Amino acid sequence: MIIIKNKVAIEKMRTAGQLLAEVFAEIPSFLEEGKNTAEIDLFVEQKMLQKGLKPECKGYGGYRHATLISPNDVVVHGIPSKNIILKNGDFVKIDVVGAYRGYCADMARYYFIGNVPPIAQKLAEVAQRALDEAIGNIGPGVKLSDVSSRIQKIVEGEGFGVVRDFAGHGIGKRIHEEPDVPNYATGVAGPLLREGMTLAIEPMITQGDYKVLVLDDGWTVKTADGGLAAHVEDTIAITSHGAEVFTRLY
Ligand code: MF3
Ligand code: CO
């Protein structure tokens, strides 16, 4: 069942999204060559707590950190570690869920450490464009499967791959609610979107083959072929006429 949010729930998710976007705005000044991903995680968690945002990933399925930090060929769900040290040329994705008064916002952004290869820039740009186009064309009465197809078309049109094994999702009191929001056409049509539905849309795209593997740590998702991957995510609500993006600053 897809949960329709009332005004009160929407307002809490809006606040969660805005506070989370404020936290993300502070990340670039902290990121630099030589920092390890565990200290980035702690930085983000402290900023969240200062703003009254609960780090919702912590404790989720046994996960022990506030953030997921995924460099280069790590697609998503990279575990912060003292042993992962940022170096010049790294292409890093940071994914965080924050809750405000019990309602979640889920957001991911990418960052370039020093000079990244042009292909990383291109991949990032295409992931961002796929997300923007999806958001720009969503609204009440739209079939979610058409949004998925649109994302796939944009990504594959640039010669990149679309990850199949992970998808965006409904979101609200819980990080993951119905429906799934795949980034490719699964062949199943629907569901029809309605005002008050809230979704986390998150294209995960690859330089080469779309196949991924999960490491023995149970979380880290890497491209099977070792190519680069991009990921970007926003939490949105379907409004009467389109969509409101909670995780971008107004
Ligand atoms: N954006 C991520 C996802 O939907 C957030 C995962 S939170 C975690 O998979 F708790 F699972 F880590
Ligand atoms: Co998500």
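Scroll up for the structure.
Residues numbered from 1 in each chain as written. Chains lettered and ligands numbered in written order. Predicted model: local features only at pLDDT ≥ 70, side-chain atom pairs only at ≥ 80, totals over all residues. Heavy atoms only, no water.

S.K.: How would you sum up the site of ligand 1? Please name residues and give values.
M.R.: The immediate surroundings of ligand 1 are formed by 13 residues, with His77, Asp95, His169, His176 and Glu233 found nearest. Here a nitrogen atom of ligand 1 and a side-chain polar atom of Asp106 are 3.0 Å apart. In the model, an oxygen atom of ligand 1 is placed 3.1 Å from a nitrogen or oxygen of the Glu202 side chain. The protein chains hide 95% of the 340 Å² of surface that ligand 1 would expose on its own. When its residues are assigned to classes, the shell around ligand 1 shows 6 nonpolar, 3 polar and 4 charged. (Near = heavy atom within 4 Å. Polar contact = N/O pair within 3.5 Å; in protein donor to acceptor, adjacent residues only side chain to side chain. Areas by Shrake-Rupley, 256 points an atom, 1.4 Å probe, with all protein chains shown as cover. Nonpolar A, V, L, I, M, F, W, Y, C, P; charged D, E, K, R; others polar.)

S.K.: A description of the packing of aromatic side chains should follow, citing residues and the corresponding values.
M.R.: Summed over all chains, the structure comprises 5 aromatic pairs. One aromatic cluster is present, built from ring pairs that chain together Phe91, Tyr110 and Phe112. Between Lys211 and the ring centre of Tyr210, over which it is positioned, the NZ or CZ distance is 5.6 Å. (Phe/Tyr/Trp six-rings, centres within 6.5 Å; stacked < 30°, edge-to-face > 60°. Lys NZ or Arg CZ within 6 Å of the ring centre and 35° of its normal.)

S.K.: Report on unusual backbone geometry, specifying residues and quantitative values.
M.R.: Following Glu178, the chain continues to Pro179 via a peptide bond in cis, the omega torsion being 0 degrees. You can see Pro179 is positioned in strand E8 (residues 177–181). For the bond running from Gly190 to Pro191, omega is -15 degrees, close enough to zero to count as cis. Its location among the elements puts Pro191 in the loop between E8 and strand E9 (198–201). Positive phi values are uncommon outside glycine, yet Asn72 reaches one of about 55 degrees. Tracing the sequence through the fold places Asn72 in the loop between strand E2 (67–71) and strand E3 (74–76). The residue His77 is not glycine, and still its phi comes out positive at about 65 degrees. Secondary-structure assignment places His77 in the loop between E3 and strand E4 (91–100). (Helix = DSSP H or I, 4+ residues; strand = E, 2+ residues; numbered from the N terminus.)

On their own, these measurements won't tell you what the molecule is for.
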